[in-house]
Amino acid sequence: MRPKSDKPIGRKLILALLLAAIMLVSGMYVMPSLNLAVMGKRLLLPLARLLVSIALGLAIGELLEASGWTRHLAALAGPLFRFGRLGPLCSVSFTAAFFSGVTSNAMLLGFFRDGKIDRRQLFLTNFVNQTPAFFLHLPTTFFIIVPLTGWAGLLYLLITLLAALLRTSALLLYGRLCLPASPAATSAIPGSGPENLRRRSLREAWTALRCKLPGRFKRIALYVVPIYTAVFLLSSGGVFNRLQDLLTGTVVRAFLPVEALSVVALSFAAEFASGFAAAGALQSAGVLSLHQTVLALLLGNIVAFPVRALRHQLPRYLGIFAPAMGTQLLLGGQALRIASLVLVGGAYYWLG
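Thresholds, definitions, all that
- Residues numbered from 1 in each chain as written.
- Predicted model: local features only at pLDDT ≥ 70, side-chain atom pairs only at ≥ 80, totals over all residues.
- Heavy atoms only, no water.
- Helix = DSSP H or I, 4+ residues; strand = E, 2+ residues; numbered from the N terminus.
- Buried < 20%, exposed > 50% of the residue type's maximum accessible area, 1.4 Å probe, protein only.
- Contact = heavy atoms within 4.5 Å.
- Areas by Shrake-Rupley, 256 points an atom, 1.4 Å probe, with all protein chains shown as cover.
- Expected span 1.5 Å × (residues − 1).
- Axes fitted to C-alpha atoms, helices over the stretch in contact; angles between N-to-C directions.
- Parallel < 35°, antiparallel > 145°, perpendicular 65-115°, else oblique.
- Left-handed = near helix turned anticlockwise from the far one by under 90°.
- Nonpolar A, V, L, I, M, F, W, Y, C, P; charged D, E, K, R; others polar.
- pLDDT = per-residue confidence, 0-100.
- Polar contact = N/O pair within 3.5 Å; in protein donor to acceptor, adjacent residues only side chain to side chain.
- Core = buried A, V, L, I, M, F, W, Y, C linked by side-chain atoms within 4.5 Å.
- Patch = residues over 30% accessible without salt bridge, like charges linked within 9 Å, V, L, I, M, F, W, Y side chains within 5 Å.
- Salt bridge = Lys/Arg side-chain N within 4 Å of Asp/Glu carboxyl O.

Undergrad: Kindly report on the overall build of the chain, identifying the contributing residues and their values.
TA: Helix and strand counts for the chain come out as 17 helices and zero strands. Expressed as a percentage of the 352 residues in the chain, the buried residues total 47%. Taking all contacts inside the chain whose residues are at least 6 apart in sequence as the whole, residues at least 24 apart take part in 77%. Element-wise, carbon and sulfur atoms account for 70% of the exposed surface of the chain, whose accessible area totals about 17,700 Å².

Undergrad: Which residues make up unusual backbone geometry, and what values do they have?
TA: With a phi angle near 55 degrees, Arg-85 is a residue other than glycine that sits in the positive phi range. If you trace the backbone, Arg-85 turns up in the loop between α4 (78-83) and α5 (88-96). The backbone of Ala-322 shows a phi angle near 75 degrees, a positive value even though the residue is not glycine. Looking at the secondary structure, you find Ala-322 in the loop between α16 (290-321) and α17 (323-351). For Ala-322, a relative accessible area of 23% gives the class partly exposed.

Undergrad: Tell me about α17, and please be specific about residues and values.
TA: Between its first and last C-alpha atoms α17 spans 42 Å; for 29 residues at 1.5 Å apiece the expected length is 42 Å, and the two agree. Looking at α17, one finds that the buried residues are Met-325, Gly-326, Leu-329, Leu-330, Gly-333, Gln-334, Arg-337, Ser-340, Leu-341, Val-344, Gly-345 and Tyr-348. Those residues of α17 hidden inside the fold are in contact with α6 (101-113), α7 (119-128), α8 (130-149), α9 (151-178) and α16.

Undergrad: Give a detailed account of the environment of Arg-11, specifying residues and quantitative values.
TA: Locating Arg-11 in the fold gives a position in helix α1 (residues 6-30). Look at Arg-11 and you get exposed, because its relative accessible area is 51%. For Arg-11 and Leu-222, which are 211 residues apart along the polypeptide, the C-alpha to C-alpha distance reads 9.8 Å.

Undergrad: Tell me what's going on with the packing of α7 against α9, and back it up with residues and numbers.
TA: Viewed as axis vectors pointing N to C, α7 and α9 meet at an angle of 160 degrees, and their least axial separation amounts to 9 Å. Judged on the interaxial angle alone, α9 and α7 are roughly antiparallel. Relative to α9, α7 is oriented so that their crossing is left-handed. In this structure, α7 uses Arg-120, Leu-124, Phe-127 and Val-128 to contact α9, whose residues at the interface are Thr-168, Leu-171, Tyr-174, Gly-175 and Cys-178. Split by residue class, the contact of α7 with α9 holds six nonpolar, two polar and one charged.

Undergrad: Explain the confidence of the model for the chain residue by residue, including any values.
TA: Chain-level pLDDT for the chain is 79 on average; 77% of the residues reach the 70-or-more range. Across residues 1-5, where pLDDT falls below 50, the model places three contacts with residues more than four positions away in sequence or in other chains.

Undergrad: Quick rundown of the packing of α7 against α8? Include the residues and the values.
TA: For the pair α7 and α8, interaxial distance at closest approach is 4 Å and the crossing angle is 25 degrees. Classed by the angle they form, the pair α7 and α8 counts as roughly parallel. Contacts between α7 and α8 involve Asn-126, Phe-127 and Val-128 from the former and Gln-130, Thr-131 and Pro-132 from the latter. Partitioning the contact of α7 with α8 into residue classes produces three nonpolar, three polar and no charged.

Undergrad: Tell me about the side chain of Thr-160, residues and numbers included.
TA: Positionally, Thr-160 belongs in helix α9. Reaching out from Thr-160, the side chain makes a polar contact with the backbone oxygen of Leu-157 at a distance of 2.8 Å. Each residue touching Thr-160, except ones within four places of it in the same chain, is listed here: Phe-134, Leu-298, Asn-301 and Leu-341.

Undergrad: How would you explain α8 if you had to name every residue and give the values?
TA: Since the α-helix packs 3.6 residues into each turn, any two residues three or four apart lie on the same face. Helix length check: α8, at 20 residues, gives a terminal C-alpha distance of 24 Å against a target of 28 Å (1.5 Å per residue), a shortfall beyond 12%. Regarding α8, the residues found buried are Gln-130, Thr-131, Pro-132, Phe-134, Thr-141, Ile-145, Val-146 and Thr-149.

Undergrad: Explain the nonpolar core to me, and be specific about the residues and the numbers.
TA: For soluble globular proteins, the rule of thumb is that nonpolar side chains tend to be buried together. By size, the foremost hydrophobic cluster in this structure holds 56 residues, and its most contacted members are Phe-321 and Leu-329. Looking at this core element by element, the count peaks at eleven residues for helix α12 (residues 202-236). For Leu-329, the residues in contact, after removing those within four places along its chain, are Leu-122, Phe-123, Asn-126, Phe-127, Tyr-317 and Phe-321. Counting residues in hydrophobic clusters, the runner-up holds 17 residues, among them Ala-163, Leu-295, Leu-298 and Ile-302.

Undergrad: Requested: an account of a nonpolar patch on the surface, with residues and values cited.
TA: On the surface, a nonpolar cluster with roughly 300 Å² of combined accessible area is contributed by Leu-15, Leu-18 and Ile-22. Within the fold, Leu-15 resides in helix α1.

Undergrad: Give a description of the side chain of Gln-130 that names residues and reports values.
TA: Here Gln-130 lies in helix α8. Classification of Gln-130 by relative accessible area gives buried; the value is 18%. Within the local environment of Gln-130, its side chain forms a polar contact with the backbone oxygen of Gly-333, the two atoms lying 3.0 Å apart. Residues contacting Gln-130, with those up to four places away along its chain left out, are Arg-167, Gly-333, Gln-334 and Arg-337.

See below:
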């Protein structure tokens, strides 16, 4: 039986799709360069891929929870999360983040809505989950960055790793000092004992998935589609490019030679490797020293990543967590990330 709220959610989703269509028609009127071919390539296909990835993440999270496998996942990072008083369910989300950020966030929201974790646990765990995200992309980024920039790239990766570990340690220590030592934070997952695992069958897990997934996916699509469309139109209108020019010039002139401007500017490009290619070329030509190259890469990361987050992560966060909470999580996570990079990068700047 479908939840009673499915019908009003369906109506709201239709209104959201209508709003997105109105925005697109208005955008085509204001920007003649926008045509059906451009929108199909730059909006519809990426949006479809995003929705599919969100649906898969929700499905995986629901199946893991319904089948009882959360008990095994929680054991992997259990000691860390017991120390931080975040509990085994937050440990499950942390472990899942090594494979899929969407799955991890969907599980967090599900635990929160079911009353199994509170708001502070959700926020702290989401911020801590930036560290698994770093390792999730490391195999790809390592073999792009290091060949292009050599030792500068290795130092850059080491600094970003130290910043991620610093954030994680500080957040877990905050949890240890500020969260209550409740039984839920140290006990096993409710209903995850061996006797419960034996009672759960694949049929029951599939039934739970069919009951929960459609409603949760509709709630997420309700925000993702219009927000993604709005971000696409802002990007097509050059808003992010103007923000890029403003931030790039201001930051580089304050700390580095003007030649480093190209490194930071190219860090905003859709293909992030272009910034590292420029850094490697400037270093090889003797324009930038090793120390300056590392600082240029860090500044490019600090300045460019929040803009990329607005472009790519904003629809996901606002879709999964709803606008108010999603905005708070995204801004809070970016603020912590920038603060840790500035702290570790500042130490490197003064020591160098």
